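Letter by letter, the chains look like this.
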Amino acid sequence: MVKKRSNRSKKTSKRTEVSFEELGYSSESLKMLESVEGQLNAVFACYGSAAQHGQLMENALAKLVTKLKRMTISEALPRDIDKKTTGQLLNLFRTKFVEEIDEWVPDFLDSARKKRNFLVHEYFLKRNDSMGVEAGRIAMLRELLDIESDLLKAAGLVNGLSVAIEETIQGKRDERGHGETVFSVKLKIDGCEQRN
């Protein structure tokens, strides 16, 4: 989507024209990508947005594990769920509450966790050289948009599962469900099996 074109002026060798209109970017937003300062600002803004979605995914996972914990009487579960890392929360979910789940779901959530951790702990350290060149900054923007998209989807999956569990508890949902099935999961709660 990034197209380089020669500038008619001989003072500068190249300009970048990005066609992200289909993503909802205005021509004013795209114009800022023509300068180094604008590109850097866009990288930092996209980083912030991706980091926000990483936090929302982690928060959704903590709420889901807390909800499932309330439904069980097991003393083996930790009390300090809000202090658990994303990896620890995913492990608790898989090992303590899931009997069966479509294989792609834990794989996708684990991939999102790795992207979130990379973003928070390593991103600018690993991309430091990319910050100094236009092609690197544009590549970073694409990468950050991809990471943000995956984190948004992961949070949506976790929030959807949480809603499905709540609806099942309230008797508003059964195995047949209504609408499109995204994935299925069989939970183990207090020795009772619940399918969502």
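Here the structure is a predicted model, which means the values were calculated and not measured.

Enquirer: In this structure, what is going on with the overall build of the protein chain? I would like to understand it.
Expert: Counting its regular elements, the protein chain contains 6 helices and 5 strands. In the protein chain, the succession of helices and strands from N to C terminus is β-β-α-α-α-β-α-α-α-β-β.

Enquirer: How do you make sense of helix 3 (residues 86–97) when you look at a structure like this?
Expert: Along an α-helix, a turn takes 3.6 residues, which lines up residues three or four apart on a common side. Over its 12 residues, helix 3 runs 16 Å from end to end, which matches the ideal 16 Å to within 8%, given 1.5 Å per residue. Looking at the buried residues of helix 3, the elements they touch are helix 2 (36–70), strand 3 (98–101), helix 4 (104–121), helix 6 (134–169) and strand 4 (185–189).

Enquirer: Just checking my understanding: could you explain the pattern of salt bridges for this structure?
Expert: Where charged atoms of side chains with opposite charge meet at close range, the side chains can pair. Within the structure shown, the criterion is met by 8 salt bridges. Two residues, E58 and R116, come together in a salt bridge whose shortest N-O distance is 3.4 Å. Placement of E58 in helix 2 and of R116 in helix 4 is noted, with a sequence separation of 58 residues between them. Across the pair, exposure class does not vary: E58 and R116 are buried alike. When the shortest N-O distance is used, the salt bridge between K114 and D110 registers 3.6 Å.

Enquirer: How should the packing of aromatic side chains be read in this particular structure?
Expert: The description of two aromatic rings rests on the distance between their centres and on the angle between their planes. Considering all chains together, one arrives at 5 aromatic pairs under this definition. Geometrically, the ring pair formed by F44 and F124 is tilted, given 5.6 Å between the ring centres and 45 degrees between the ring planes. Residue F44 is located in helix 2, and its partner F124 is located in helix 5 (residues 123–126); the two are separated by 80 residues in the primary sequence. Taken together, the ring pairs in this structure connect F44, Y47, F118, Y123 and F124 into an aromatic cluster.

Enquirer: Can you walk me through the packing of helix 3 against helix 4 in this structure?
Expert: Axes are the key here: two packed helices are described by the angle between their axes and the distance separating the axes. The geometry of helix 3 relative to helix 4 is characterised by a closest axis approach of 10 Å and an angle of 165 degrees between their N-to-C directions. One finds that helix 3 runs roughly antiparallel with respect to helix 4. Here helix 3 runs over helix 4; the crossing is left-handed. Judged by residue contacts, T86, G87, L90 and R94 of helix 3 engage P106, L109, D110, R113 and R116 from helix 4. Per-class residue counts for the contact of helix 3 with helix 4 are 3 nonpolar, 2 polar and 4 charged.

Enquirer: Would you explain helix 6 in this entry?
Expert: A rise of 1.5 Å per residue sets the reference length of helix 6, with its 36 residues, at 52 Å; its end C-alpha atoms lie 53 Å apart and thus fit the reference within 8%. One or two steps after helix 6, the chain reaches G171, where phi turns positive at roughly 80 degrees.

Enquirer: What exactly am I supposed to notice about the packing of helix 4 against helix 6 here?
Expert: Helix 6 packs onto helix 4 with a crossing angle of 135 degrees between their chain directions and a minimal axis gap of 9 Å. Taken together, helix 4 and helix 6 sit at an angle that is classed as oblique. Handedness of the crossing formed by helix 4 with helix 6: left-handed. Across the interface between the two elements, W104, F108, L109, A112, K115, R116, F118 and L119 from helix 4 touch E143, L144, I147, D150, L151, K153, A154, L157 and V158 from helix 6. In terms of residue class, the contact of helix 4 with helix 6 is made up of 12 nonpolar, no polar and 5 charged.

Rules behind the numbers
Residues numbered from 1 in each chain as written. Predicted model: local features only at pLDDT ≥ 70, side-chain atom pairs only at ≥ 80, totals over all residues. Heavy atoms only, no water. Helix = DSSP H or I, 4+ residues; strand = E, 2+ residues; numbered from the N terminus. Expected span 1.5 Å × (residues − 1). Contact = heavy atoms within 4.5 Å. Salt bridge = Lys/Arg side-chain N within 4 Å of Asp/Glu carboxyl O. Buried < 20%, exposed > 50% of the residue type's maximum accessible area, 1.4 Å probe, protein only. Phe/Tyr/Trp six-rings, centres within 6.5 Å; stacked < 30°, edge-to-face > 60°. Axes fitted to C-alpha atoms, helices over the stretch in contact; angles between N-to-C directions. Parallel < 35°, antiparallel > 145°, perpendicular 65-115°, else oblique. Left-handed = near helix turned anticlockwise from the far one by under 90°. Nonpolar A, V, L, I, M, F, W, Y, C, P; charged D, E, K, R; others polar.

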